[in-house]
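# Summary of structural features
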Amino acid sequence: MLEEWQTSWKNGDTGRKIYNIMPSVSLRPTNWIREDVIFFSQHGPFPAYLKRFHLSDSDCCSCGGIGTALHYATECIYTVSWHMRKPAPNFDQEWLKRVTNNLVSRQKICGIIKFIRENRDLFQPP
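Presented here is a report on the structure given in the accompanying data block. (Residues numbered from 1 in each chain as written. Predicted model: local features only at pLDDT ≥ 70, side-chain atom pairs only at ≥ 80, totals over all residues. Heavy atoms only, no water.)

### Here's the deal with helix H6 (residues 92–100)
All of the buried residues in H6 are Trp 95, Leu 96, Val 99 and Thr 100. In a view along the axis of H6, the buried residues occupy a sector of 135°, so they form one face of it. Check the buried side of H6 and you find it contacts helix H2 (16–21), helix H3 (34–41), helix H5 (69–74) and helix H7 (103–118). (Buried < 20%, exposed > 50% of the residue type's maximum accessible area, 1.4 Å probe, protein only. Helix = DSSP H or I, 4+ residues; strand = E, 2+ residues; numbered from the N terminus. Arc of directions from axis to C-beta. Contact = heavy atoms within 4.5 Å.)

### Notes on the side chain of Ser 105
Examined against the element boundaries, Ser 105 turns out to sit in helix H7. A relative accessible area of 12% means that Ser 105 is categorised as buried. In contact with Ser 105, other than residues within four places in its own chain, are Met 84 and Val 99.

### Quick look at unusual backbone geometry
The phi torsion at Asn 31 lies on the positive side, around 65°, for a residue other than glycine. Note that Asn 31 resides in the loop between H2 and H3. Asn 31 sits in the exposed class, given a relative accessible area of 61%. Notably, Gln 42 is not glycine yet its phi reads approximately 60°, a positive angle.

### What about the nonpolar core?
One broad trend across soluble globular proteins is that nonpolar side chains are buried collectively. Judged by nonpolar contacts, the single largest core of 22 residues is most densely connected at Phe 39, Phe 40, Phe 46, Tyr 72, Trp 95 and Ile 109. Counting residues per element, this core draws most heavily on H7, at four residues. Once you skip the residues sitting within four places of it in the chain, Phe 40 turns out to touch Lys 17, Ile 18, Ile 21, Trp 32, Leu 96, Val 99, Thr 100, Arg 106 and Ile 109. (Core = buried A, V, L, I, M, F, W, Y, C linked by side-chain atoms within 4.5 Å.)

### Structural notes on the pattern of salt bridges
Opposite charge on two side chains permits pairing when their charged atoms draw close. If you walk through the whole model with that rule in mind, you get three salt bridges. With its nearest N and O atoms 3.0 Å apart, the salt bridge here joins Arg 117 to Glu 35. You can see Arg 117 sitting in helix H7 and its partner Glu 35 sitting in helix H3, a full 82 residues away along the chain. Note that Glu 75 is salt-bridged to Lys 86, the shortest N-O span being 3.0 Å. Linking Glu 75 in the loop between H5 and H6 with Lys 86 in the loop between H5 and H6, this pair joins segments that are eleven residues apart in sequence. For Lys 86, a relative accessible area of 46% gives the class partly exposed. (Salt bridge = Lys/Arg side-chain N within 4 Å of Asp/Glu carboxyl O.)

### Some details on the side chain of Glu 35
Given the relative accessible area of 8%, Glu 35 is considered buried. Separated by 3.0 Å, the side chains of Glu 35 and Arg 117 make a polar contact. Those residues within four positions of Glu 35 in sequence are excluded, and the remaining contacts are Ile 109, Cys 110, Ile 113, Lys 114 and Arg 117. (Polar contact = N/O pair within 3.5 Å; in protein donor to acceptor, adjacent residues only side chain to side chain.)

### Brief notes about the packing of H3 against H7
For the pair H3 and H7, the least separation of the axes is 9 Å and the interaxial angle reads 85°. Classed by the angle they form, the pair H3 and H7 counts as roughly perpendicular. Residues Arg 34, Glu 35, Asp 36, Ile 38, Phe 39 and Phe 40 of H3 form the contact with H7, whose participating residues are Arg 106, Ile 109, Cys 110, Ile 113, Lys 114 and Arg 117. Per-class residue counts for the contact of H3 with H7 are six nonpolar, no polar and six charged. (Axes fitted to C-alpha atoms, helices over the stretch in contact; angles between N-to-C directions. Parallel < 35°, antiparallel > 145°, perpendicular 65-115°, else oblique. Nonpolar A, V, L, I, M, F, W, Y, C, P; charged D, E, K, R; others polar.)

The following block contains the structure:
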């Protein structure tokens, strides 16, 4: 059963952002909270996600940057209290893997997602 699940996960079309972080299936729980799932799947209140699904006309954050999860975690002026060091170019996936295993980083992610959710109007594009 695990082999079949792994094959399906490896060859699937969906969940690729999570697959890039967790390429192996496991019966062990991840212990992710809602905010972790939102951040790592990048399915949430992010302008880039909303535009991709035609729920917004713009993928820009109101600060002028492209509103992705990484933007809020590393460079948005509105989330500076929770910023983490930006990954080097082409190392986004390695950065995300490290963040998933770092409790302090996961606490920052939780703060970012809660702040965005509570201040949704602040993040709307101009």
